[in-house]
Amino acid sequence: MSVTPGKPDQPRRGLRSLLVDVTPLRASPAFAKLWIGSSVSQIGAQITIVAVGLHIYDITHSTLAVSLLALWALGPMILAGFLGGALADTFDRRLVALVTAIVAWCSIGTLTLIAFLGVETTWPYYALAALNAASATIKGATQGAILPRLLPPQLLPAAAALSGITMGLAITVGPAVAGVLVATVGFAWTYLLDVVLFTGAFFGILSLPSVTPEGERRNPGLGSVVESLRFLRRAPNVRATFVWDLVAMIFGTPRVVFPAAGALVLGGGPVTVGILTASFAMGSLLSGLFSGPLGAVRRQGRAVTLAIAVFGVCTTLFGVVLLVTGVVEGPDAPDAPLVPAIVLAGLALAGTGAADNVSAVFRTTILQAAAPDDVRGRMQGLFYVVVAGGPRVGDLVAGAVATLIALWAPPLLGGVVIVGIMLVLLRTARGFQRYDAHHPTP
């Protein structure tokens, strides 16, 4: 199945031109159902992510035990990214998405069952959470390879913006719902809600037509992965989307300082940590809601570079807030939340979330439009590998810098590094800066 561009919609004017473009939902009923199903199921996924962390802490009373959830999931997610991409480039992508959705749903169902049974051994929760994350990675990579077959290229930026709204809404709503449900009805019933909401994923996938890969197909395995890496070597624009994103994630991931910032600098403890976390998600959500103009951008490589530079500026501003607040208030922890500083820090992080979402819209579009269909699944799988691994490396870098220097150092210095690298790339990576959305080339 493939799509052919139809008649363009009438130009949007006034306020409508600023709001998110919903044309993809009208142009492709299959995409509309997939988007609706993903919107519902991703809220449930965020509920479970938060609930499992709270559950592990309730069993062990150990922050280290909670952090091991990410470690358990990282390896399977990376393996699933490579494997899932190879499967999506070999078999019917609708079938691959459906099978992995069933595996993910069964893992959540088993998680619910052992919670109702009162199991307090931690390894089953680690294992099921890792299985769920790996399955979601394969499903996500496969769906990413399906979208360009449902929509014409000119609608891919709008589709990516709609997906950004879905994720922003899930990250904003899911953790809040999880906290309330865990406190009121317990862990098992909280997991059960995800079991119910995950049926949205089936609604979306079952509405898809058969989507078989075009071009030459290879059996999934090491050879298929190696071939995709060879393609990446001769695809500078696709490769740049990964490299640019890694720069942002490695040097601009200050979330590990949030707990200490809330306790020692800004005041407010866990409440402040929640505000800082939600600010990033809210910025991402708002930028998605007002993403209408993004569809008219032709120089998408340049747009990625500038968006990441803005991301670096906002990250730096967050570090400046921590530095100035620490100097003004002194070394003692504040007795009460410092509201002005918290507001400024939240605004800076909202800016990082908005810039990150804009970058993601264009990076996703370039990846989907420029990669040939016969390697598109593997490129989407590699995208998930980068997304899974980059922030973990960023956490390690931020933790080390904060330990060696101070809490303000990771965001302030990291933001400056990001801006510097992007300014250099604006001048040196001229091929990527000239990338033309009307004539996508890998």
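Cut-off values and rules
- Residues numbered from 1 in each chain as written.
- Predicted model: local features only at pLDDT ≥ 70, side-chain atom pairs only at ≥ 80, totals over all residues.
- Heavy atoms only, no water.
- Helix = DSSP H or I, 4+ residues; strand = E, 2+ residues; numbered from the N terminus.
- Buried < 20%, exposed > 50% of the residue type's maximum accessible area, 1.4 Å probe, protein only.
- Lys, Arg positive; Asp, Glu negative; His and termini not counted.
- Charge placed at Lys NZ, Arg CZ, Asp CG, Glu CD.
- Phe/Tyr/Trp six-rings, centres within 6.5 Å; stacked < 30°, edge-to-face > 60°.
- Core = buried A, V, L, I, M, F, W, Y, C linked by side-chain atoms within 4.5 Å.
- Salt bridge = Lys/Arg side-chain N within 4 Å of Asp/Glu carboxyl O.
- Patch = residues over 30% accessible without salt bridge, like charges linked within 9 Å, V, L, I, M, F, W, Y side chains within 5 Å.
- Areas by Shrake-Rupley, 256 points an atom, 1.4 Å probe, with all protein chains shown as cover.
- Axes fitted to C-alpha atoms, helices over the stretch in contact; angles between N-to-C directions.
- Parallel < 35°, antiparallel > 145°, perpendicular 65-115°, else oblique.
- Contact = heavy atoms within 4.5 Å.
- Nonpolar A, V, L, I, M, F, W, Y, C, P; charged D, E, K, R; others polar.
- pLDDT = per-residue confidence, 0-100.
- Arc of directions from axis to C-beta.

**Description of the overall build of the chain**
Helix and strand counts for the chain come out as 17 helices and zero strands. Taken along its principal axes, the extent of the C-alpha atoms in the chain is 65 × 60 × 45 Å. Out of the 442 residues in the chain, the part that is buried amounts to 51%. Averaging the positions of the 27 positive and the 19 negative side-chain charges in the chain gives two centres separated by 13 Å.

**Considering the packing of aromatic side chains**
Applying the stated rule across the entire model yields seven aromatic pairs. An angle of 90 degrees between the planes, with centres 5.8 Å apart, marks the rings of W105 and F202 as edge-to-face. Placement of the pair is W105 in helix α4 (residues 93-116) and F202 in helix α8 (residues 199-206), with a sequence separation of 97 residues. Take F202: its relative accessible area is 15%, and that puts it in the buried class. Both rings, one in F198 and one in F202, keep their centres 5.8 Å apart while their planes meet at 75 degrees; by these two values the pair is edge-to-face. Take F198 and F202: they sit in the same class, and that class is buried. Pairwise contacts between aromatic rings join W105, F198 and F202 into one cluster.

**Remarks on unusual backbone geometry**
For H61, which is not glycine, the phi dihedral falls at a positive 55 degrees. Relative to the assigned elements, H61 resides in the loop between α2 (29-60) and α3 (63-88).

**A few points about the nonpolar core**
In terms of nonpolar packing, the biggest core is built from 63 residues, with L150, V238, F242, W244, M379 and M422 touching the most fellow members. Considering each element in turn, this core owes the most residues, seven residues, to helix α10 (residues 236-251). In this structure, F258, V321, A345 and L349 belong to the second largest nonpolar core, which totals 18 residues.

**Regarding the pattern of salt bridges**
Taken as a whole and assessed by the stated rule, the structure comprises eleven salt bridges. A salt bridge links R234 to E227; its shortest N-O distance comes to 3.7 Å. Under the relative-accessibility criterion, R234 is labelled exposed at 55%. Classification of E227 as partly exposed rests on a relative accessible area of 21%. Here D373 ties to R376 by a salt bridge, and the two come within 2.9 Å at their closest N and O atoms. Here D373 pairs with R376, and both are found in helix α15 (residues 373-404), just three residues apart, close to one helical turn. Like D373, the residue R376 is buried in the burial classification. Through salt bridges with shared partners, one network takes in D89, R93, R149, E214, D373, R376 and R378.

**Digging into a positive patch on the surface**
Together, R299, R427, R430 and R434 give the surface a local cluster of positive charge. The residue R427 is located in helix α16 (residues 409-428) in this model.

**Remarks on a nonpolar patch on the surface**
Residues L18, L19, M282, L286, L289 and F290 make up a contiguous nonpolar surface patch of roughly 490 Å² in combined accessible area. Among the secondary structure elements, M282 is positioned in helix α12 (residues 270-289). Judged by its relative accessible area of 36%, M282 falls in the partly exposed class.

**Points about the environment of G179**
For G179, the location among the structural elements is in helix α6 (residues 156-184). Expressed as a C-alpha distance, the spacing of G179 and A51, which sit 128 residues apart in the sequence, is 7.4 Å.

**Examining the packing of helix α14 (residues 339-370) against α15**
One can describe the packing of α14 onto α15 by two numbers: an axis separation of 9 Å at closest approach and a directional angle of 155 degrees. With respect to each other, α14 and α15 are oriented roughly antiparallel. In this structure, α14 uses R363, L367 and Q368 to contact α15, whose residues at the interface are R376, M379, Q380 and F383. Of the residues assigned to the contact of α14 with α15, the class counts are three nonpolar, two polar and two charged.

**Things to note about the confidence of the model for the chain**
For the chain, mean pLDDT is 88; residues scoring 70 or higher make up 95% of the total. α16 holds the highest mean pLDDT among the elements of the chain, 96, whereas helix α9 (residues 222-233) holds the lowest, 81. The low-confidence segment residues 4-9, where pLDDT is below 50, has four contacts with residues more than four positions distant or belonging to other chains.

**Quick word on the side chain of D395**
Among the structural elements, D395 can be located in helix α15. Among residues more than four places away in sequence, those in contact with D395 are T253, R255 and V256.

**Observations concerning helix α7 (residues 187-197)**
All buried positions along α7 are accounted for by F187, A188, T190, Y191, D194 and V195. Down the axis of α7, the buried set is contained in an arc of 165 degrees. They therefore lie on one face. Seen from the buried face of α7, the exposed residues on the opposite side, beyond 90 degrees, are W189 and V196.

**Focus: the environment of A178**
Checked against the element boundaries, A178 lands in helix α6. Residue A178 is classed as buried on the basis of its relative accessible area of 0%. If we ignore the near neighbours within four places in the chain, the residues touching A178 are I47, V50, A51 and T190.

**A few points about helix α11 (residues 258-265)**
F258, A261, G262 and V265 are the residues of α11 that are buried. Projected down its long axis, α11 shows its buried positions confined to an angular sector of 120 degrees, all on one face. Residue G267 follows α11 closely and has a positive phi angle near 80 degrees.

**Some details on the environment of L426**
Among the structural elements, L426 can be located in helix α16. C-alpha of L426 to C-alpha of I56: the two residues are 370 residues apart in sequence and 45 Å apart in space. Residues within four places of L426 in sequence aside, it is in contact with R302, T305, L306 and Q433.

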